[in-house]
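# What the coordinates show
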Amino acid sequence: MLTQPVLAEIAEAHGMRLKTPASQTVYPDFIMMRDEGSREKIAIDVKTTYVSGDQPTIKFTLGSYGSYMRNNTKNIEYRYTDYAKHYVIGFVYKRNGAAQESAVYDYSRRDQIVFPYRDVRYFIQEKYKIAGDRPGSGNTENIGSFPTRSFSELREGRGPFSQLGADVFDLYWKYYPKYRSPQREYTTLDGFLEWIFRQEGLSLLHPYDHRELLRRIRDYQAGHGR
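Computed from a prediction, not measured in an experiment: that's the story for all the values here. Residue positions are given per chain, counted from 1 along the sequence in the order it is written. The predicted nature of this model means local features are confined to residues of pLDDT at least 70 and side-chain atom pairs, given and counted, to a pLDDT of 80 or more, with totals for whole chains, interfaces and linings taken over all residues. No hydrogens and no water enter the side-chain calculation; it runs on all heavy atoms of the structure.

### Comments concerning a nonpolar patch on the surface
Here a patch means residues that are over 30% exposed by relative accessible area and free of salt bridges, tied together within 9 Å if like-charged and within 5 Å if nonpolar (Val, Leu, Ile, Met, Phe, Trp, Tyr). Using the Shrake-Rupley algorithm and a 1.4 Å probe, accessible areas are obtained, with residue cover drawn only from the displayed protein chains. Here a salt bridge means any side-chain nitrogen of Lys or Arg lying within 4 Å of a carboxyl oxygen belonging to Asp or Glu. Residues F115, Y117 and V120 make up a contiguous nonpolar surface patch of roughly 300 Å² in combined accessible area. Secondary structure elements follow DSSP: runs of H or I no shorter than four residues count as helices, runs of E no shorter than two count as strands, and numbering proceeds from the N terminus. You can see Y117 is positioned in strand β6 (residues 117-126). Of the residues examined, Y117 reaches a relative accessible area of 41% and is grouped as partly exposed. Classification of residues uses two cut-offs on accessible area relative to the type maximum, computed with a 1.4 Å probe and protein chains only: under 20% is buried, over 50% is exposed, and between them is partly exposed.

Dropping the structure here:
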């Protein structure tokens, strides 16, 4: 409710359309596009999480890695390859224990309503830049954000894939073992960076420069002493 009017204004200012999928169970929450046939659609997902304490770890789930990233069409509006960018609008808040969900207020007392949340912060960032290398939970096939206690790291997109690039992010999660998979070639970014140099013919749903990708990985490893 908060983000849709703002996104609609942005879309109109840039001669684009804003659309929401027909089903709430498919990715993404919002689509910004020139027209239906565009191959440069922008996916926008709204994510929320609450924290407690003075310096809590902030974590989000960022959508499935077991569906549209692998077959292009499952649980997604349009095709995965129809999107040029994937953004996350993330809200981080604290719960307000003083709020009473069952309380009823007369309209004239609406200014006395106690909200169930407080200390709300938000960021807007490309998904691959805030993604981590672990699932968001132990028994689902959802990408997890990189855990951090620094909100600015999320706002500035300082996750491990921000240096490696979107193609490495796509490869990592396309081949990441599913929850019930008996074979697990890797489960961490370090394991993936070793595994990928032993592979030939790895494919993505879109064309990519494999040599350039390996060069980026070597640069990343050199910069991190690996």
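### Here we look at the side chain of K127
By secondary structure assignment, the location of K127 is in helix α3 (residues 127-130). Definition of a polar contact: a pair of N or O atoms within 3.5 Å, with one able to donate and the other able to accept a hydrogen when the atoms are protein atoms, and with sequence-neighbouring residues admitted only if both atoms are side-chain atoms. Only 3.5 Å separates the side chain of K127 from the side chain of Y27, close enough to count as a polar contact. Leave out the neighbours within four places in its chain, and K127 touches Y27, L62, Y68, H86, Y87, V88 and F169. Residue contacts follow a heavy-atom distance rule, with two residues in contact if any of their heavy atoms lie within 4.5 Å.

### As for the sheet that holds strand β1 (residues 17-19)
Sheets are built from strands that pair by backbone hydrogen bonding, the pairs being arranged parallel or antiparallel. Strands are treated as partners if at least two bridges between them are detected by DSSP. Across the sheet, which stays open at both edges, the five strands sit in the order β1-β2-β3-β5-β6 with mixed pairing between neighbours. Because the sheet does not close on itself, it has two edges, and the strands there are β1 and β6. Across the sheet, the mean angle from the axis of one strand to that of its neighbour is 20°, orientation sign disregarded. For helices, the fitted axis covers only the stretch in contact; all axes are lines through C-alpha atoms, and the angles between them, taken along N-to-C directions, range from 0 to 180 degrees. Where helix α1 (residues 3-13) meets the sheet, it contacts β1, β2 (30-33), β3 (41-51) and β5 (83-95), and its direction lies at approximately 10° from that of β2.

### Points about helix α8 (residues 210-223)
What a helix is expected to span follows from its residue count: subtract one and scale by 1.5 Å. Helix length check: α8, at 14 residues, gives a terminal C-alpha distance of 20 Å against a target of 20 Å (1.5 Å per residue), a fit within 8%. Of all the positions in α8, only L213, L214, I217, Y220 and Q221 are classed as buried. For α8, the arc enclosing every buried residue in end-on projection is 115°, short of the 170-degree limit, so these residues lie on one face. Seen from the open side of α8, the exposed residues pointing more than 90 degrees away from its buried face are R211, A222 and G223. Contacts from the buried residues of α8 go to α5 (161-164), α6 (166-175) and α7 (189-195). For α8, the side-chain oxygen to backbone nitrogen distance between the N-cap and R211 is 3.1 Å, and the N-cap itself is D209. What the arc covers is the set of directions going from the helix axis to the C-beta atoms.

### Describing the packing of aromatic side chains
Aromatic rings from Phe, Tyr and Trp, taking only the six-membered ring of Trp, are treated as a pair when their centres fall within 6.5 Å; an angle between ring planes under 30 degrees marks them as stacked, one over 60 as edge-to-face, and anything in between as tilted. Summed over the entire model, instances satisfying the criterion amount to 21 aromatic pairs. Summarising the aromatic geometry, the rings of Y27 and Y68 are spaced 4.8 Å apart at their centres and angled 15° between planes, so their arrangement reads as stacked. Taken together, the residues span a long stretch of sequence, with Y27 in the loop between β1 and β2 and Y68 in helix α2 (residues 68-71) at a distance of 41 residues. No difference in accessibility class separates Y27 from Y68, as the two residues are buried. Their ring planes at 75° and their centres at 5.6 Å tell us that F161 and F169 sit as a pair that is edge-to-face. Between the NZ or CZ atom of R95 and the centre of the ring of Y50, over which it lies, the distance is 3.7 Å. In this scheme, the term charge over a ring applies when either NZ of a lysine or CZ of an arginine sits within 6 Å of the ring centre and within 35 degrees of the ring normal.

### Remarks on α1
Along α1, the residues that are buried comprise T3, L7 and A11. The arc enclosing the buried residues of α1, seen along the axis, measures out at 65°, which places them on a common side. Of the residues in α1, the exposed ones pointing more than 90 degrees away from the buried face are E9, E12 and A13. For α1, the elements touching its buried residues are β1, β2, β3 and β5.

### Quick word on the pattern of salt bridges
Counted under the stated rule, the structure contains 14 salt bridges. In this structure, the salt-bridge partner of E36 is R17, at a minimum N-O distance of 3.4 Å. Placement of the pair is E36 in the loop between β2 and β3 and R17 in strand β1, with a sequence separation of 19 residues. The exposure class of E36 is partly exposed, given its relative accessible area of 39%. Since its relative accessible area comes to 39%, R17 is described here as partly exposed. Look at the salt bridges and you will find they share partners, linking R17, K19, E36 and E77 into a network.

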